[in-house]
Amino acid sequence: MTDKHEQQKSKYTLDRNIPGAFEGETVTRRRFMTGTANGLGFAAAMSFTLPALGFAIGPIFKSTPHRWETVGTIDQFPENNYVPVVVTLTPGIGEAGKTTVYMRKRNPAIDTDPYDRNTRYIALTSRCSHLGCPVRWVDAAERFICPCHGGVYDLLGVPVGGPPVRPLDRFYTRVVDGIYVQVGPRFSVNSELRRFSPRDSGEPLDGIGQYLYPSRPTAQKP
Amino acid sequence: MPKLPAPPIPSPLKAPPSRPGEGDGKTPPADHAKHAGITVVDWVDERTSLSGAARWMMFRKVPKGTNWFYTLGSATMFAFLSQAVTGVFLAMYYRPDPAGGAYESIRYVTNDVFLGQFVRGMHKWGSSVMVILVFLHMGRTFFFGAYKYPRELNWVIGVVLLILTMVMSFTGYLLPFDQRAYWATVVGVNINGTGPLLGPYLSDFLRGGPEFGATTLSRFYAIHMLLIPGALAALIGAHLYLVAKLGTSAPPWAKAEPSKELQEAEV
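Draft legend 1. Just the overall build of chain B, in detail. A count of helical and extended segments in chain B gives 10 helices and 0 strands. Moving toward the C terminus, one meets the helices and strands of chain B in the order α-α-α-α-α-α-α-α-α-α. For 267 residues, the compact-globule formula gives about 18 Å, and the C-alpha radius of gyration of chain B, at 26 Å, lies well above that figure. C-alpha extents for chain B along the principal axes are approximately 75 × 65 × 30 Å. Within chain B, buried positions represent 30% of all 267 residues. Across chain B, the fraction of contacts at a sequence separation of at least 24, relative to all contacts at a separation of at least 6, is 72%. Mean positive and mean negative side-chain charge positions of chain B (23 and 17 charges, respectively) differ by 3 Å.

Pasting the structure below:
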C-alpha cells in the first residue's frame, strides 16, 4: 500500500511534502489558487484603471475639426499695418475661448514666406512664443511687444529681442466669395518662416527643436 | 538586544480603582460620566487594540535638545488640514463652469455668502502659508542632517509631498477663473510644455486638448480636489509612520553622552 501511494505522488510536488498531490500535477493546488486569485484581482483592477486612464488622456489623441471664421472684408486690411480681430478658438466657453489675431494684407515687398492661396492675408497670433502671454502691436514702434517677459517681434513676427524662441504663430487665411476674409487653423513657423504643424509656446523649432517638441499626433495640415 | 520598557500611560488616563468605602450607590454624576467614557473607550479598545497604536504614536522618546524647529512638520500638517477643511466647504459653492459660472460663483462666495470671504481667504492665504512651511520644514531637515540614514526614505516621501503641494498650488490658481488665473495657467502649462519630448503631451493632458478648452477648468478642479489631496493624505500618513517608527534625530549640536563603561575606562 505504501509503495502504491508513493507512486501516485506527482514528481513536481514530491519535494514539497504537500499531502494529496496527484500524479500528473504540474502545479500545486495552493499555487494554482494563489495565482488565480491574484490574476483575477489584477484583471478586476485593470478593468477600471485602464478605461479611467484612457478617459483622462484620450483628448491628446482627439483631432479637432478645422474652423474657418469670417473676420472682415478684403478692403479692411492694409499692407503695412496690423488690424486686430477676435476669433473663437474654442466655442462654447465664452471669452475664455477667444483670442486676438493681428491681420494685414500680404506685402510682396517684405513677405518672403511661401506664397499660396492660404497666405494672401497674413494673420499672426497674439500668443507670445515664449510662454503664451498676449502680445500687442505697437504702431509707433512697429513692433509686437509682450508684457510678461519683454519679448519683442518685428513686422513679420520674427523675434528681435527678449526670450521668445520662435516667430509668432500664424493662421491660414482664405478669401471667400471674392470679398470675405476668413481665418482658419493655426500653424507654427521657424526662424526662416518655414511652416510646421502647430506647436505650443516655449517650444523652439530651429535645429533639433522640431524633434524635441513633436507636434500632436492628430495634427493635420489643411 | 534588550527591549525598551513600554512608555508609561499618563496618570489622568488611568482608570482609578474603585474605593471600597464609596460603593454605596451615591456616586457623583461626574464619576458616572467619567466611568461611561472609560467604558466606551475600553469597549472600542477591546475590539480594535487601538490604544497600543495611539500610545506608540504619541508617547515617544525624543532626543535631548528637541526645540521649536521640530514643530515645523506639524505646522505644515495643520496647514494642510486647514486647506482640506476650507476647501471642502468652498466646494459647496464652487461651479467649474468656464463660460462665466466659475468666476460668478467665486464672486458670490466672496461678496454674498456669510463668512465666505473669510473661508476663501483662509484657503487662499493658507496655500501660501503651507508652501512656506513646507520649505521651512525642508530646510530644518536639511540643516539638522535629519535626512541621513535611516531617514532617507522619509526625505524622498517629503520631496514627493513638496511636488504634490506645488501641483495643488498650480491647479488651484486657475479656479477663480479671472484674468490673472487664466493667464498664469496659460504660462504655467506652457512651462510644462518646454520639457523635451514628453512636455507637449503633458501640456495636452493638462488642458485636455490642443487649446484651453471647455474641460480644462473641470480637469484642473478634479486634479485639485480629488486626485492630489488623496495622494497627499496617504503620503502624509506614510511620512508620519516613518517619523514614529524611526524617531526624530537629535540636533546636530547635541553631544552623545558616553556610556558608563567608557567613562570608567577613561579614568
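Draft legend 2. Region of the structure containing the pairing of strand S10 (residues 180-189) of chain A. All names here are of chain A. Burial runs high along S10: 9 of the 10 residues are buried. For strand S1 (residues 69-73) and S10, the ladder comprises 4 bridges, and the chain directions are antiparallel. Across the sheet, Thr-73 pairs through a bridge with Tyr-180, a residue of S10. Looking at chain direction, strand S9 (residues 170-176) and S10 are connected through 6 bridges and run antiparallel. Its bridge partner lying in S10, Val-176 is registered against Tyr-180. What sits between S9 and S10 in their antiparallel hairpin is a turn of 3 residues, with Asp-177 showing a positive phi close to 55°.

Draft legend 3. Focus on the packing of helix H6 (residues 152-174) of chain B against helix H7 (residues 179-193) of chain B. Residue and element names in this part refer to chain B. The N-to-C vectors of H6 and H7 enclose an angle of 140°; their axes lie 8 Å apart at closest approach. If you check the angle between H6 and H7, you find them oblique. Contacts from Phe-170, Tyr-173 and Leu-174 of H6 reach H7 at Arg-180, Ala-181, Tyr-182, Ala-184, Thr-185, Gly-188, Val-189 and Asn-192. In terms of residue class, the contact of H6 with H7 is built from 7 nonpolar, 3 polar and 1 charged.

Draft legend 4. Geometry of the interface of chain B and chain A. The interface of chain B with chain A comprises 28 residues on the first partner and 29 residues on the second. Interface of chain B and chain A: buried area, both sides summed, is about 2,300 Å²; carbon and sulfur atoms make up 61% of it. Joining chain B to chain A, the criterion identifies 3 salt bridges. Among the ionic pairs, Glu211(B) bridges to Arg186(A), the shortest N-O distance being 3.5 Å.

Draft legend 5. Region of interest: the state of the cysteines. Residues and elements named next belong to chain A. Inspection of the entire model under this criterion finds 1 disulfide over all chains. One disulfide bridge connects Cys-133 with Cys-148, the sulfur atoms lying 2.0 Å from each other. On the sign convention where negative means left-handed, the S-S torsion of about -90° between Cys-133 and Cys-148 marks this disulfide as left-handed. Of this pair, Cys-133 sits in the loop between strand S4 (121-125) and strand S5 (136-138) while Cys-148 sits in the loop between strand S6 (143-145) and strand S7 (152-153), placing them 15 residues apart in sequence.

Draft legend 6. Fine view of the side chain of Ser249(B). Residues and elements named next belong to chain B. Counting through the fold element by element, Ser-249 comes out in the loop between helix H9 (216-246) and helix H10 (260-266). Accessibility expressed as a relative area gives 11% for Ser-249, which makes it buried. Residues contacting Ser-249, with those up to four places away along its chain left out, are Pro-63, Tyr-70, Arg-140, Ala-146 and Arg-151.

Draft legend 7. Summary view of the environment of Gly162(A). Within the element layout of this structure, Gly162(A) appears in the loop between strand S8 (159-161) and S9. Look past the residues within four positions of Gly162(A) in its chain and what remains in contact with it is Gly150(A) and Gly151(A).

Draft legend 8. Highlighting the sheet that holds S7(A). Read across the open sheet, the 4 strands follow the order S5-S6-S7-S8 (chain A); overall the sheet is antiparallel. Edge positions in the sheet fall to S5 and S8 of chain A, since each of these pairs with one other strand and no more.

Draft legend 9. Up close: the pattern of salt bridges. Using the criterion set out here, one finds 12 salt bridges over all chains in the structure. Two residues, Asp113(A) and Arg106(A), come together in a salt bridge whose shortest N-O distance is 3.5 Å. Assessed through its relative accessible area of 7%, Asp113(A) is described here as buried. For Arg106(A), a relative accessible area of 9% corresponds to the buried category. With its nearest N and O atoms 3.0 Å apart, the salt bridge here joins Arg195(A) to Asp116(A). Taken together, the positions of Arg195(A) in strand S11 (residues 195-196) and Asp116(A) in the loop between strand S3 (98-105) and S4 put the pair 79 residues apart, joining distant regions of the chain. Linked by salt bridges that have partners in common, Arg166(A), Asp169(A), Arg186(A) and Glu211(B) make up one network.

Draft legend 10. Fine view of the environment of Phe77(A). Residue and element names in this part refer to chain A. Within the secondary structure, Phe-77 is located in the loop between S1 and strand S2 (83-88). A C-alpha to C-alpha distance of 27 Å links Phe-77 and Pro-65, two positions 12 residues apart in sequence. With near-sequence residues (within four places) excluded, Phe-77 lies in contact with Val-71, Gly-72, Val-83, Val-85, Met-103, Arg-104, Lys-105, Tyr-121 and Val-181.

Calculation rules
Position numbers for residues start from 1 in each chain and track the written sequence from start to end. By the order in which they are written, chains take letters starting at A while ligands take numbers starting at 1. Only residues with pLDDT of at least 70 get local features here, since the model is predicted, and only at 80 or more are side-chain atom pairs given and counted; chain-wide, interface and lining totals rely on the full set of residues. For side-chain calculations, the full set of non-hydrogen atoms in the structure is used, while hydrogens and water are omitted. Each helix corresponds to a stretch of at least 4 residues labelled H or I by DSSP, and each strand to a stretch of at least 2 residues labelled E; elements are numbered beginning at the N terminus. Radius of gyration: over C-alpha atoms. The globule rule applied is 2.2 Å multiplied by the number of residues raised to the 0.38 power. In this scheme, a residue with accessible area under 20% of its type's maximum is buried, one over 50% is exposed, and one in between is partly exposed, where area comes from a 1.4 Å probe on protein chains only. In this description, contact between two residues means that some pair of their heavy atoms is separated by no more than 4.5 Å. When charges are tallied, Lys and Arg are placed among the positive residues and Asp and Glu among the negative ones, while His and the ends of the chain are skipped. By convention, the charge on Lys lies at NZ, on Arg at CZ, on Asp at CG and on Glu at CD. Strand pairing is defined by DSSP finding a minimum of two bridges between the two strands. Between N-to-C directions, angles cover 0 to 180 degrees, with each direction set by a line fitted to C-alpha atoms, over the stretch in contact for helices. Throughout, the term roughly parallel applies to angles under 35 degrees, roughly antiparallel to angles over 145, roughly perpendicular to angles from 65 to 115, and oblique to all others. When residue character is reported, Ala, Val, Leu, Ile, Met, Phe, Trp, Tyr, Cys and Pro are called nonpolar, Asp, Glu, Lys and Arg charged, and the others, Gly included, polar. Once two parts are put together, the accessible area they lose, assessed with a 1.4 Å probe and summed over both, is termed the buried area. Definition used for salt bridges: Asp or Glu carboxyl oxygen within 4 Å of a side-chain nitrogen of Lys or Arg. Disulfides are defined as pairs of cysteine sulfur atoms found within 2.5 Å of each other.

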